[in-house]
Amino acid sequence: MSTTQVTPVSATGAPPAGGNRRPPRVRRPDARGRSAATRRSPGAVVVLIALAVLAVITLLPVLLAALNAVKSPADYVANGPLALPRSFDLTGITSFWQSVDFTGKLLNSVLISGSVAVIAVVLSLLTAYAIGIGRIRGSFGVLAVFMVAFTLPQEALIYPLYVMAKAVGLYDTKLSVIIVLAVLQSAFGTYLLSSVLHTFPAEVLEAARMDGAGTFRVLWSIVMPLTRPTLVVLATFFFIWTWNEFFIPLVLLPSNENQTVSVALGALFGQYTSDPVTSAAAALVGVLPALVFFLVFQRTLMKGVNIGAVK
Amino acid sequence: MTSQPVTSEPLTRTTTTATRRRSRGGYLPYLLPGAIGFLLVVAVPAVANAWLSLTSWSGVGDPTFIGLDNYVRLLGDDTFWKSFANSVAIIIAMAILPTGVGLFLSAVLFDFIAPRFGGRTATTLRAMFYLPQIIPIAVAGVLWGFLLQPQTGIVNSSLRAAGLDGLAQNWLGDPALALPTVMIILVWLQLGYTIVIFMSGMARIDPSLNEAADLDGASWLQRFWVITVNELRPEIAVVLLTTTVAALKVFAPIYVLTSGGPGNATIVPSYFAFYNFFTTTQVGYGAAISTVLAVLLTALAVVLLWLQKREDKHA
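Fair warning: this is a prediction, and the values are worked out from it, not measured in the lab. (Residues numbered from 1 in each chain as written. Chains lettered and ligands numbered in written order. Predicted model: local features only at pLDDT ≥ 70, side-chain atom pairs only at ≥ 80, totals over all residues. Heavy atoms only, no water.)

(A) Fine view of the packing of aromatic side chains. Taken as a whole and assessed by the stated rule, the structure comprises 39 aromatic pairs over all chains. Summarising the aromatic geometry, the rings of A:F96 and A:F102 are spaced 6.0 Å apart at their centres and angled 50° between planes, so their arrangement reads as tilted. By relative accessible area, A:F96 is classed as buried at 1%. Ring geometry for A:Y159 and A:Y162: centres 5.3 Å apart, planes at 55°, overall tilted. Note that A:Y159 and A:Y162 are positioned in helix α7 (residues 155-167) at a spacing of three residues, about one turn of the helix. Judged by its relative accessible area of 14%, A:Y162 falls in the buried class. Clustering of aromatic rings is evident, with ring pairs tying together A:Y159, A:Y162, A:Y171, A:F246, A:F247, B:W57, B:F251, B:Y255, B:Y271, B:F274, B:F277 and B:F278. Stacked on the ring of B:Y285, the Lys or Arg B:R73 has its end atom at 3.6 Å from the ring centre. Between B:R116 and the ring centre of B:F112, over which it is positioned, the NZ or CZ distance is 3.8 Å. (Phe/Tyr/Trp six-rings, centres within 6.5 Å; stacked < 30°, edge-to-face > 60°. Buried < 20%, exposed > 50% of the residue type's maximum accessible area, 1.4 Å probe, protein only. Helix = DSSP H or I, 4+ residues; strand = E, 2+ residues; numbered from the N terminus. Lys NZ or Arg CZ within 6 Å of the ring centre and 35° of its normal.)

(B) Structural context of the interface of chain B and chain A. Contacts between the two partners involve 105 residues from chain B and, on the opposite side, 108 residues from chain A. Taken over both partners, the interface formed by chain B and chain A buries close to 9,400 Å², and the fraction arising from carbon and sulfur atoms is 75%. Counting the contacts that link chain B with chain A gives zero salt bridges. Run the count over chain B and chain A and you get six residue pairs in polar contact (both at pLDDT 80 or more). Of the residues forming the side of chain B that touches chain A, the biggest block, 23 residues, is contributed by helix α1 (residues 5-52) of chain B. A class-by-class count of the residues in the side of chain B that touches chain A yields 70 nonpolar, 25 polar and ten charged. (Contact = heavy atoms within 4.5 Å. Buried area = accessible area lost by both parts, 1.4 Å probe. Salt bridge = Lys/Arg side-chain N within 4 Å of Asp/Glu carboxyl O. Polar contact = N/O pair within 3.5 Å; in protein donor to acceptor, adjacent residues only side chain to side chain. Nonpolar A, V, L, I, M, F, W, Y, C, P; charged D, E, K, R; others polar.)

(C) Summary view of the pattern of salt bridges. This structure, assessed with the given rule, holds two salt bridges over all chains. For the salt bridge of A:E206 with A:R209, the shortest nitrogen-to-oxygen distance reads 4.0 Å. With a gap of three residues between them, A:E206 and A:R209 both fall in helix α9 (residues 202-210), about one helical turn apart. A salt bridge links B:D111 to B:R223; the shortest N-O distance between them is 3.9 Å. Note that B:D111 is positioned in helix α3 (residues 78-117) and B:R223 in helix α9 (residues 220-231), a separation of 112 residues in sequence. Looking at B:R223, the relative accessible area reads 10%, which means it is buried.

(D) Quick peek at the nonpolar core. Core analysis: the biggest nonpolar cluster contains 165 residues, and A:F200, A:V223 and A:F246 have the highest contact counts within it. Two domains each donate at least three residues to this core, and these are domain 1 (13-95) and domain 2 (100-308) of chain A. Discounting chain neighbours no more than four positions away, the residues touching A:V223 are A:Y129, A:I133, A:L197, A:F200, A:L205 and A:V218. In this structure, A:L51, A:A55, B:V108 and B:F112 belong to the second largest nonpolar core, which totals 17 residues. (Core = buried A, V, L, I, M, F, W, Y, C linked by side-chain atoms within 4.5 Å. Domains from an automatic or database assignment.)

Given below as structure tokens:
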């Protein structure tokens with residue numbers, strides 16, 4: 001049996017890591033004389049330049065924020081937003097950091113996103129195990145329900161959730177957001193993992209059962225190790241989705257000391273209109289964690305974007 | 001165990017059926033945590049919300065049952081219709097434009113740039129287009145707010161520096177410009193997603209199709225239409241549906257950039273529901289708006305599920 005069968009990548013028909021395997025001919029020196037398909041004509045260079053310009057325009061907002069976040073306000077006023085910084089002044093960043101207690105917001109976001117990622121993966125795996133391997137009756141119906149669950153707009157759940165959280169004393173606690181988001185995201189995880197586990201090699205399970213392994217033993221020592229790549233991709237996605245989540249924390253975590261990075265920044269909009277350097281600093285400080293995730297998880301993300309296609 | 005398949009077969013079969021029968025029941029406990037969570041976080045709130053849509057309630061005291069009055073009121077409410085009309089604009093910005101432009105750009109990257117300038121060039125460009133996708137939406141709001149600020153923002157000060165004072169506008173504050181501006185920001189946000197999906201889909205197209213077409217003298221554009229677009233139909237369908245769902249649900253960009261304003265210029269259903277829940281505390285009315293949205297989205301989910309089931313059968 002092969003483990004490739006259980007990665008989400010092959011389950012959704014996507015290519016292996018990197019996602020962009022080219023035929024080897026492209027780098028061969030003799031490609032020059034081959035056909036029009038691989039020639040670097042002047043026209044081709046123009047196309048490349050046009051795409052590069054477009055890509056730089058895409059990055060421009062972030063680059064401009066970085067450029068202006070390190071200027072002194074006087075420099076910004078005197079030389080305008082497009083000039084390279086003539087001063088290197090981190091006051092914008094430090095004053096923003098302190099005024100919103102950004103360290104606290106980062107810790108809240110890490111705690112909430114980490115907990116949601118772990119709990120949602122466990123929930124997804126347990127349910128998907130019953131559906132995909134246990135083949136319980138009505139699996140398709142169960143899956144359809146989960147599918148609907150992650151398409152439902154959060155607005156159609158939020159008011160009752162808000163009332164319920166208040167009733168049990170969980171309103172304005174991180175726990176309420178963790179529970180709600182873990183369940184909502186596990187709906188997606190269950191949907192994905194069920195189809196992955198459905199193709200799990202039957203002979204492996206059969207062998208384990210004949211050796212007398214119980215259902216939990218099979219899950220723990222066979223299914224989990226073999227699906228680990230998928231679980232890691234799922235956890236990464238859950239972490240980032242939760243990090244970016246806006247609506248649920250906005251409603252359920254009103255107090256300043258519980259706020260996440262996303263909500264804290266969203267609430268800031270327009271507050272610093274008179275102070276462009278601090279706005280740029282706020283934007284830059286908000287982009288940085290996301291940029292770190294992107295660089296750290298780039299392979300996982302690109303590999304797994306296809307699984308996110310359903311979301 | 002594979003060493004003696006023949007001798008053990010009859011025995012295996014009986015054991016299997018017995019194990020299966022026992023294990024069916026044995027698997028039910030694994031459903032329990034998910035089922036309880038689903039019940040508390042999705043099922044009960046969804047039903048409660050649908051019930052609230054039949055009441056008049058300010059959030060305190062007891063809701064008063066008023067039947068379908070909220071829905072009747074919705075039909076005559078201009079803001080409600082405006083919010084769905086804006087949804088169409090958001091669908092264009094988040095689903096249709098990124099799918100069309102993304103399809104073209106990924107074909108250029110995959111089919112034109114990569115063979116000539118190497119796969120690394122294509123993947124680097126792809127990563128650059130993908131970047132906005134990883135920025136939290138609220139941060140993207142702060143970023144664009146900084147760029148578009150009417151007096152000191154980069155867009156307007158650059159226009160003024162170029163002597164184009166007439167083009168400097170209050171981009172998010174002018175009722176005529178707010179929606180188009182939000183749309184441009186959403187295209188910026190979504191393009192990377194469609195490019196990544198389409199490029200990985202293109203890797204699965206049989207290269208001999210393109211080679212044969214090339215030999216037959218087909219131009220790049222002809223191959224794009226006939227082969228790429230045709231072969232990518234499953235990806236295009238899934239991307240269109242999922243991005244349409246996302247467009248109908250859009251909340252954070254509107255909340256952060258415009259709060260639905262100026263006036264109702266950029267109001268969308270989710271923001272309209274939120275506004276009724278927590279600002280005007282007309283909970284029943286908010287519940288009715290969100291119920292309409294939920295029904296619409298569920299219908300789309302059913303289509304998606306049906307598409308995927310059909311895909312599975314083909315595979």
